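Understanding the architecture of this molecule
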Amino acid sequence: MRTIEWDHDRDCVVMVDQTKLPAEYTTYHAETIPELIESIELLRVRGAPALGAAGAYGVALAARRNEADDFGAYAEAVAADAEAVASARPTAVNLSREVETVTTELRQCTSIPEARERTLAAAEEIADTDVERNKQIGDHGADLLADGQTVMTHCNAGALATVDWGTALGVVYSAHEQDKDVDVIANETRPLNQGSRITTVELQEHGVETTLIPDNASGLCMQEGRVDAVVLGADRVVLDGGERFGDQGVVFNKIGTYKHAVLADRHDVPFVVPAPHSTIDTERSADEVEIERRDPQELREIYGTQNAPEDVDVYNPAFDPTPMELVDYLVTETGVYEPPLDRATFEEVDDRVTVE
Ligand code: MRU
């Protein structure tokens, strides 16, 4: 199955439960809006494009669950649910963007049955589009890789972070389709270990030769010449760096991305960021992007076992900003771009929806 989809029999959202990986490959059915929000917060579903689909299906779920008789009251209640879904995680722009896309569809409806049908159809279209554009990103990105090369990746920007295929790992899968034997070094990605728990599983399933390393070994791997490219995803790309980064764009991605960009720069390793246009936020500057801070317990404990004094202060940011000067290639469904980026190119494509 896809990472996230609509279960037509149960009329609800079904997703691969990524909190259970690698021990179990199971699914979770979100039958209600609180269940969907909890799934986003706990990272049952995660990764920017998959969160976009979760947001889109969330509006459809709200539209199909709400029992109001009066259309005005109904539309208001569904929009409030949609807003709650959009706020479940702040950094990945796809979540709020796709909630907004489907909410816009809702606003054009004039009856409850029409809203129920059109919101689900819009969500399905968003999910289908995600898969198509990931293949396009993969094909463009694979052109940057040669047979026999090794890619380092961080976190999980694969099929499980999208509806299917993936962005960063999609580039690897597309390279394999081009008969290039590309293998992957997967960073463990502390503290939630998306690299060891998720990336390794899906790479092995795709038959990609995979080596897991602790995050702290990435510098050594580059010193030893084991890495031909760092390829990883993005939660939000902004074109205006704000006070800290000035004119240049910024890639917000999993905490540790910045460190790997600096290391790649130091070792002349190309730093490649594949991401769809829906992850590019042309409206905001870096100053306006909220970096999610997660529960201190994620560091004080490891899988339920104490890892630090219970009262130690913890700073647990989930993402970091990497300035475009450290990015060699941004790969989207429309091609490969070498920073500095031309704002007009991205504004032209980003005409589908205004992100709230
Ligand atoms: O906290 P997560 O697991 O949702 O973080 C995911 C990432 O940082 C990914 O690299 C990003 O969303 C791109 S997914 C194609």
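About the criteria used
Residues numbered from 1 in each chain as written. Predicted model: local features only at pLDDT ≥ 70, side-chain atom pairs only at ≥ 80, totals over all residues. Heavy atoms only, no water. Pairing = 2+ DSSP bridges. Helix = DSSP H or I, 4+ residues; strand = E, 2+ residues; numbered from the N terminus. Axes fitted to C-alpha atoms, helices over the stretch in contact; angles between N-to-C directions. Polar contact = N/O pair within 3.5 Å; in protein donor to acceptor, adjacent residues only side chain to side chain. Contact = heavy atoms within 4.5 Å. Buried < 20%, exposed > 50% of the residue type's maximum accessible area, 1.4 Å probe, protein only. Salt bridge = Lys/Arg side-chain N within 4 Å of Asp/Glu carboxyl O. Phe/Tyr/Trp six-rings, centres within 6.5 Å; stacked < 30°, edge-to-face > 60°. Lys NZ or Arg CZ within 6 Å of the ring centre and 35° of its normal. Disulfide = S-S within 2.5 Å. Core = buried A, V, L, I, M, F, W, Y, C linked by side-chain atoms within 4.5 Å. Parallel < 35°, antiparallel > 145°, perpendicular 65-115°, else oblique. Left-handed = near helix turned anticlockwise from the far one by under 90°. Nonpolar A, V, L, I, M, F, W, Y, C, P; charged D, E, K, R; others polar. Near = heavy atom within 4 Å. Areas by Shrake-Rupley, 256 points an atom, 1.4 Å probe, with all protein chains shown as cover.

Attention now moves to the sheet that holds strand 3 (residues 27-30). The strand order across the open sheet formed by 3 strands is 1-2-3, and the pairing between neighbours is antiparallel. Two strands close off the open sheet at either side, each with one partner strand: strand 1 (4-7) and strand 3. When the angles between neighbouring strand axes are averaged without regard to direction, this sheet yields 30°. By the bridge criterion, 4 bridges tie strand 1 to strand 2 (residues 12-16) in an arrangement that is antiparallel. Considered in strand 2, the bridge of Ile4 is made with Met15.

Once that is clear, we can look at the side chain of Asp320. Mapped onto the secondary structure, Asp320 falls in strand 14 (residues 319-323). One polar contact links the side chain of Asp320 to the main-chain amide nitrogen of Tyr258, over a distance of 3.2 Å. The contacts of Asp320, once residues within four sequence positions are left out, are Val251, Phe252, Asn253, Lys254, Ile255, Gly256, Thr257, Tyr258 and Ile291.

Within the open sheet, the 4 strands sit side by side as 11-8-9-14. Their pairing is mixed. The sheet is open, and its two borders are formed by strand 11 (280-285) and strand 14, each paired with just one other strand. Ignoring strand direction, the axes of neighbouring strands in this sheet form an average angle of 35°. Summarising the sheet, strand 9 (residues 250-254) and strand 14 pair through 5 bridges and their orientation is antiparallel.

Turning our eyes to something else, we now look at the pairing of strand 2. Two faces, one strand: in a regular strand the side chains alternate between the faces of the sheet. For strand 2, the tally of buried residues reaches 5 of 5 residues, placing the bulk of the element in the interior. In this structure, the hairpin formed by strand 1 and strand 2 is closed by a connection of 4 residues, where Asp11 is found at a positive phi of approximately 55°.

All told, the structure shown has 19 salt bridges when counted by the stated rule. A salt bridge links Arg64 to Asp11, with the shortest nitrogen-to-oxygen separation between them at 2.8 Å. Remark: Asp11 occurs in the loop between strand 1 and strand 2 and Arg64 occurs in helix 2 (residues 48-65); sequence separation between them is 53 residues. Given the relative accessible area of 25%, Arg64 is considered partly exposed. A salt bridge links Glu105 to Arg118, with the shortest nitrogen-to-oxygen separation between them at 3.0 Å.

The next thing to look at is the packing of aromatic side chains. In total, this model carries 4 aromatic pairs according to the counting rule given. Looking at Arg44, its charged tip hangs above the ring of Tyr28, at a distance of 3.8 Å from the centre.

Scanning the entire structure with this criterion turns up 0 disulfides. Just so you know, Cys221 is unpaired, no disulfide at all, and the nearest cysteine sulfur is the one on Cys155, 18 Å from it. Of the residues examined, Cys221 reaches a relative accessible area of 7% and is grouped as buried.

Moving on, we come to the nonpolar core. Counting residues in hydrophobic clusters, the biggest one holds 45 residues, and the most contacted among them are Ile4, Val13, Met15, Leu36, Ile40, Tyr57 and Val85. Among the elements of the structure, strand 1, strand 2, strand 3, helix 1 (33-42), helix 2, helix 3 (71-86), helix 4 (93-107) and helix 5 (112-142) are those that each provide at least two residues to this core. With 12 residues, the top contributor of residues to this core is helix 2. When near neighbours in sequence (up to four residues on either side) are disregarded, Ile40 contacts Val45, Leu51, Ala54, Val85, Ala88, Arg89 and Leu95. Of all hydrophobic cores here, the second largest spans 26 residues; its members include Ile213, Val237, Leu239 and Ala275.

Two numbers describe how helix 5 lies on helix 6 (residues 168-177): the axes approach to 7 Å, and their chain directions differ by 70°. It follows from the interaxial angle that helix 5 and helix 6 lie roughly perpendicular. The element helix 5 and its partner helix 6 pack so that their crossing is right-handed. On helix 6, the residues that touch Lys135, Ile137, Gly138, Asp139, Gly141 and Ala142 of helix 5 are Gly170, Val171, Ser174 and Ala175. Grouping the amino acids of the contact of helix 5 with helix 6 by side-chain chemistry returns 4 nonpolar, 4 polar and 2 charged.

Arg46, Arg89, Asp235, Asn253 and Lys254 are the nearest of the 18 residues found near the ligand. A distance of 2.7 Å is found between an oxygen atom of the ligand and a side-chain nitrogen or oxygen belonging to Asp235. Asn253 is positioned such that a nitrogen or oxygen atom in its side chain is 2.6 Å from an oxygen atom of the ligand. When isolated, the ligand has an accessible area of 410 Å², and the protein chains bury 100% of it. Residue composition of the shell around the ligand, grouped by class: 7 nonpolar, 7 polar and 4 charged.

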